[in-house]
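# Understanding the architecture of this molecule
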Amino acid sequence: MDIKDAITSRRSVFKFKQEHVPSEVIEQIFSYGIWAPNHHITEPWRFTVIGEKTKLILAERYRDIKMEDTPDHVDAVNLAKIGQMAYEKFMSKPAIIAVSCIQDGDEQRQREDYAATCCAMQNVQLAAWDAGVGMQWSTGKITMEEATYKLLGIDPSEEYIIGFFYTGYPAEIKDPHRKQAAEFMRWVA
């Protein structure tokens, strides 16, 4: 796929086929992440592929989070439905990969390393799209909790979880909705 086509055709995917993405495909896709620009070649990115046992634990926590965030006026029956829908949504992701960034050095280096890891994430998404694999970069409470860090074997004093990549073969691809680039440009003399 031409790079410009990959950039303009790539979409975040929210619904996946239940087909398993082979480990070697995931590994190949993520091998492009390491080519992102990074100051002083710090290579700050880390990719944690979440197995089924861990996914089940996280799905249960995701259910609890959604239920905790539900307004108090919702009755018990509907609260249980909300929780079950959240659990099923999390479990519907064929593969989940946590992306984290090493937190080392001063504030400026940490900012540069975070930016580099985000660039790596874009490389990964484009490589995935070229391979026919869709992704959704997701954040939220589940990615920030101490228990998630512990479960994934990530020391929060050394690494920061930027997000999860929900990964799989797309069941649905949404149409693009973007403004023209000129609307975001500023020209100064």
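See above for the structure.
No experiment lies behind these values; they were computed from the predicted model shown.

### Side note on the pairing of strand S2 (residues 95-102)
By the criterion of burial, S2 is predominantly enclosed, with seven of the eight residues buried. As judged from the six bridges shared by strand S1 (residues 45-50) and S2, these two strands associate in the antiparallel manner. Bridged to Arg46 within S2 is Ser100. Alignment of S2 against strand S4 (residues 159-168), held across eight bridges, turns out to be antiparallel. If you follow Ile102 over to S4, its bridge partner there is Glu159.

### Quick look at the nonpolar core
In terms of nonpolar packing, the biggest core is built from 21 residues, with Ile50, Phe90, Leu152 and Phe164 touching the most fellow members. Looking at this core, the elements that each hand over two or more residues are helix H3 (52-68), helix H4 (76-91), S2, helix H7 (146-152) and S4. Excluding residues that lie within four positions of it along the chain, Ile50 makes contacts with Lys55, Leu58, Ile96, Ala98, Leu152 and Phe164. Core analysis: the next-biggest nonpolar cluster, separate from the first, contains 18 residues, Val124, Ala127, Val133 and Met135 among them.

### Side note on the pairing of S4
Among the 10 residues of S4, nine are classified as buried, and the element is accordingly described as predominantly covered. Note that strand S3 (residues 134-138) and S4 share five bridges and pair antiparallel. Paired with Met135 across the bridge in S4 is Thr167.

### Observations concerning helix H5 (residues 107-130)
Helix length check: H5, at 24 residues, gives a terminal C-alpha distance of 35 Å against a target of 34 Å (1.5 Å per residue), a fit within 8%. Those residues of H5 that sit buried are Asp113, Ala116, Thr117, Cys118, Ala120, Met121, Val124, Gln125, Leu126, Ala127, Ala128 and Trp129. Residues of H5 that are buried in the fold lie against helix H1 (3-9), helix H2 (23-30), S1, S2, S3 and S4. Residue Asp106 occupies the N-cap position of H5, its side-chain oxygen lying 3.2 Å from the main-chain nitrogen of Gln108.

### Thoughts on the sheet that holds S1
With antiparallel pairing, the four strands of this open sheet are ordered in space as S1-S2-S4-S3. Unpaired on one side and paired on the other, S1 and S3 mark the two borders of the sheet. In this sheet, neighbouring strand axes are inclined to one another by 25° on average, regardless of whether the strands run parallel or antiparallel. Relative to the sheet, H5 contacts S1, S2, S3 and S4, its axis offset from that of S4 by approximately 10°.

### Regarding the side chain of Lys93
For Lys93, the location among the structural elements is in the loop between H4 and S2. Those residues in contact with Lys93, other than ones at most four positions away along the chain, are Phe14, Phe16, Lys55, Gln136 and Tyr166.

### Notes on the environment of Gly168
Note on placement: Gly168 falls in strand S4. Accessibility expressed as a relative area gives 0% for Gly168, which makes it buried. Remark: the alpha-carbon pair of Gly168 and Arg61, spanning 107 residues in sequence, is separated by 22 Å. With residues up to four places along the chain from it excluded, the contact list for Gly168 reads Phe16, Val21, Pro94, Val133 and Gly134.

### Focus: the side chain of Thr143
With respect to the helices and strands, Thr143 occurs in helix H6 (residues 141-144). Its relative accessible area of 2% is what places Thr143 among the buried residues. Engagement of the side chain of Thr143 in a polar contact is seen with the backbone oxygen of Gly140, the distance being 2.7 Å. In this view, Thr143 contacts Ser138, Tyr149, Ile161, Gly163 and Phe164; residues no more than four positions away in its chain are not counted.

Calculation rules
Residues numbered from 1 in each chain as written. Predicted model: local features only at pLDDT ≥ 70, side-chain atom pairs only at ≥ 80, totals over all residues. Heavy atoms only, no water. Buried < 20%, exposed > 50% of the residue type's maximum accessible area, 1.4 Å probe, protein only. Helix = DSSP H or I, 4+ residues; strand = E, 2+ residues; numbered from the N terminus. Pairing = 2+ DSSP bridges. Core = buried A, V, L, I, M, F, W, Y, C linked by side-chain atoms within 4.5 Å. Contact = heavy atoms within 4.5 Å. Expected span 1.5 Å × (residues − 1). Polar contact = N/O pair within 3.5 Å; in protein donor to acceptor, adjacent residues only side chain to side chain. Axes fitted to C-alpha atoms, helices over the stretch in contact; angles between N-to-C directions.

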